[in-house]
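Residue-level structural notes
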Amino acid sequence: MVLGLNGVVSILGGLATGKSMETLELTEFPNMPFLYWLAVAGAVVKPKWTDSKQWPALKVSMNTPTPIQPKRLKNFKALAAWPDNSRSSVPMMFLMAESFKLVMQVLTLPSFPVSVLGTVVNKRARYSYLRKVDAAESLTYSCKLNPAVRETFSGHAEFDLLLEAVSHDKSDVVWQAVLSMVLMNPKKSKGGKKEGAAASSKPAEEEVSGEAFDTWVLPENTGRAYAALDGDISPMHLYKATAMLMGFPSPVANVHLLAARTEASIAAKKGVCGAFQCSSGRVAMCPILCTSRPVCWQSAAEPAARVSQGPNIVSCVLRPHLCKLGQVQSG
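The text that follows walks through the structure, step by step, so that each part is easy to find. Given the structure is predicted, the values throughout are model-derived calculations rather than measurements. (Residues numbered from 1 in each chain as written. Predicted model: local features only at pLDDT ≥ 70, side-chain atom pairs only at ≥ 80, totals over all residues. Heavy atoms only, no water.)

1. Describing empty space enclosed by the protein
Scanning all chains against the criterion turns up two cavities of 30 Å³ or more. By volume, the second largest cavity amounts to about 40 Å³. In terms of lining, the second largest cavity is formed by Leu38, Ala39, Gly42, Lys46, Leu107, Thr108, Val114, Ser115 and Val116. The element contributing the most residues to the lining of the second largest cavity is helix α2 (residues 32-45), with three residues. In terms of residue class, the lining of the second largest cavity is made up of five nonpolar, three polar and one charged. (1 Å grid on protein atoms, 1.4 Å probe; cavity = no way out; pocket = protein on both sides within 12 Å on 5 of 7 lines; lining within 4 Å. Points joined across faces, edges and corners; volume = space filled by probe spheres on them. Helix = DSSP H or I, 4+ residues; strand = E, 2+ residues; numbered from the N terminus. Nonpolar A, V, L, I, M, F, W, Y, C, P; charged D, E, K, R; others polar.)

2. A look at the pattern of salt bridges
For the coordinates displayed, the defined rule picks out six salt bridges. For Glu137, the salt bridge is made with Arg131, and the minimal N-O distance between the two is 2.8 Å. With relative accessibility at 16%, the residue Arg131 sits in the buried group. Its salt-bridge partner being Asp172, residue Arg131 comes within 2.5 Å of it at the nearest N-O pair. On the criterion of sequence distance, the pair formed by Arg131 in the loop between β4 (120-129) and β5 (138-145) and Asp172 in the loop between β7 (157-167) and β8 (173-183) is long-range, its members being 41 residues apart. (Salt bridge = Lys/Arg side-chain N within 4 Å of Asp/Glu carboxyl O. Buried < 20%, exposed > 50% of the residue type's maximum accessible area, 1.4 Å probe, protein only.)

3. Some thoughts on the packing of α2 against helix α4 (residues 92-107)
Running from N to C, α2 and α4 point in directions that differ by 30 degrees, and their axes come no closer than 9 Å. With respect to α4, the axis of α2 lies roughly parallel. α2 and α4 meet at a crossing whose hand is left-handed. For the pair formed by α2 and α4, the contact residues are Met32, Leu35 and Tyr36 on the first element and Phe100, Lys101, Met104 and Gln105 on the second. For the contact of α2 with α4, the per-class residue count stands at five nonpolar, one polar and one charged. (Axes fitted to C-alpha atoms, helices over the stretch in contact; angles between N-to-C directions. Parallel < 35°, antiparallel > 145°, perpendicular 65-115°, else oblique. Left-handed = near helix turned anticlockwise from the far one by under 90°. Contact = heavy atoms within 4.5 Å.)

4. Focus on α2
With 14 residues, α2 should reach 20 Å at 1.5 Å per residue; the first-to-last C-alpha distance of 20 Å fits that figure. Every buried residue of α2 is accounted for by Met32, Phe34, Leu35, Tyr36, Leu38, Ala39 and Gly42. Where α2 starts, the residue carrying a side-chain oxygen 2.8 Å from the main-chain nitrogen of Phe34 turns out to be Asn31. (Expected span 1.5 Å × (residues − 1). Polar contact = N/O pair within 3.5 Å; in protein donor to acceptor, adjacent residues only side chain to side chain.)

5. Section: the nonpolar core
Soluble globular proteins tend to pack their nonpolar side chains together in the buried interior. Counting residues in hydrophobic clusters, the biggest one holds 63 residues, and the most contacted among them are Leu95, Val103, Tyr127, Phe159, Leu161 and Trp175. When residues of this core are assigned to their parent elements, the largest contribution, twelve residues, is made by α4. Look past the residues within four positions of Val103 in its chain and what remains in contact with it is Met96, Cys143, Leu161, Leu163, Leu179 and Met181. If you look at the next biggest cluster of nonpolar residues, it comprises six residues, including Trp216, Ala253, Leu258 and Cys290. (Core = buried A, V, L, I, M, F, W, Y, C linked by side-chain atoms within 4.5 Å.)

6. Examining the environment of Asn146
Mapped onto the secondary structure, Asn146 falls in the loop between β5 and β6 (150-151). Relative accessible area serves as the criterion here: at 25%, Asn146 is assigned to the partly exposed category. When the C-alpha positions of Asn146 and Ala57 are compared, they lie 6.1 Å apart, and in sequence the two are 89 residues distant. A distance of 3.1 Å separates a polar atom in the side chain of Asn146 from the backbone nitrogen of Ala148.

7. Describing the pairing of strand β2 (residues 59-62)
Bridge analysis of strand β1 (residues 23-26) against β2 gives four bridges, and the strand direction is parallel. Of the residues in β2, the one forming a bridge with Leu24 is Val60. The β-α-β motif built from β1, the intervening α2 and the parallel element β2 has right-handed crossover chirality. Two elements, β2 and β5, share three bridges in a ladder whose sense is antiparallel. Within β5, the residue paired with Ser61 across the bridge is Ser142. (Pairing = 2+ DSSP bridges. Right-handed = clockwise from strand over helix to strand, strands pointing away.)

Right, here's the structure in full:
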């Protein structure tokens, strides 16, 4: 079923009238094929870089509550290997899967200053579950761009997207997320060094230590199954052939799915945690590949779960802050 015609009409109307469209209110989730068309069109008409450190304060929000669909929740729990099959329990990361379409809508708004196709990468994400959500609740979602942009030490631009879910039934904020992304500066090397800078020595691999408390199985179709839920059809996640076009030997697991699997592993061992941070800065260097059997570790040095693939290779560090529900972690 093709949804999101409300957003299609609003954006096409804005383009036709020259409206800046810094805010967009939707009655239904965006139409994902249309958003990817906007991303492709943006690669043609938008610059790949801007020196500005003050971007527009864009916001996309749902103005009608969205009920939690039992089938989507069931499929998400199966993908995340969630230990509690109760229909009433809603994992924290399910709300990320629900709201990802709003992330894409913000990144492809006509007022977003640059093209995101091949220029924007994930750096880290921070998720906070402020209270447990019941499957019978309806939620309204929003995503906004923090206009303050930070220059990284290597000359790229880092920006934040702020997501939120509000209970329609109880009128309280139940979930928040901060997605930190990096706009790659084409004048800098991909390795992060300025032009003409001397090459640095290869960093030593991080030793994985602590308790290995879960081993995951990621089938080859993992990326396609998760894309059917959240709409992320980036080629690196879908097929071996499309992943190889981007330099990977097989499909790369979606970082939000890795966070969902980690949440499930922690829930099975320690009970649900209120918030955690996923630092995905190394994913581009050592990705978690589908068809692999990554191991989830409890760090001996800190309350952190580390996901490893192969001996002494840490591809992604997921830090669950074992806090009481209702406390927002600062990162």
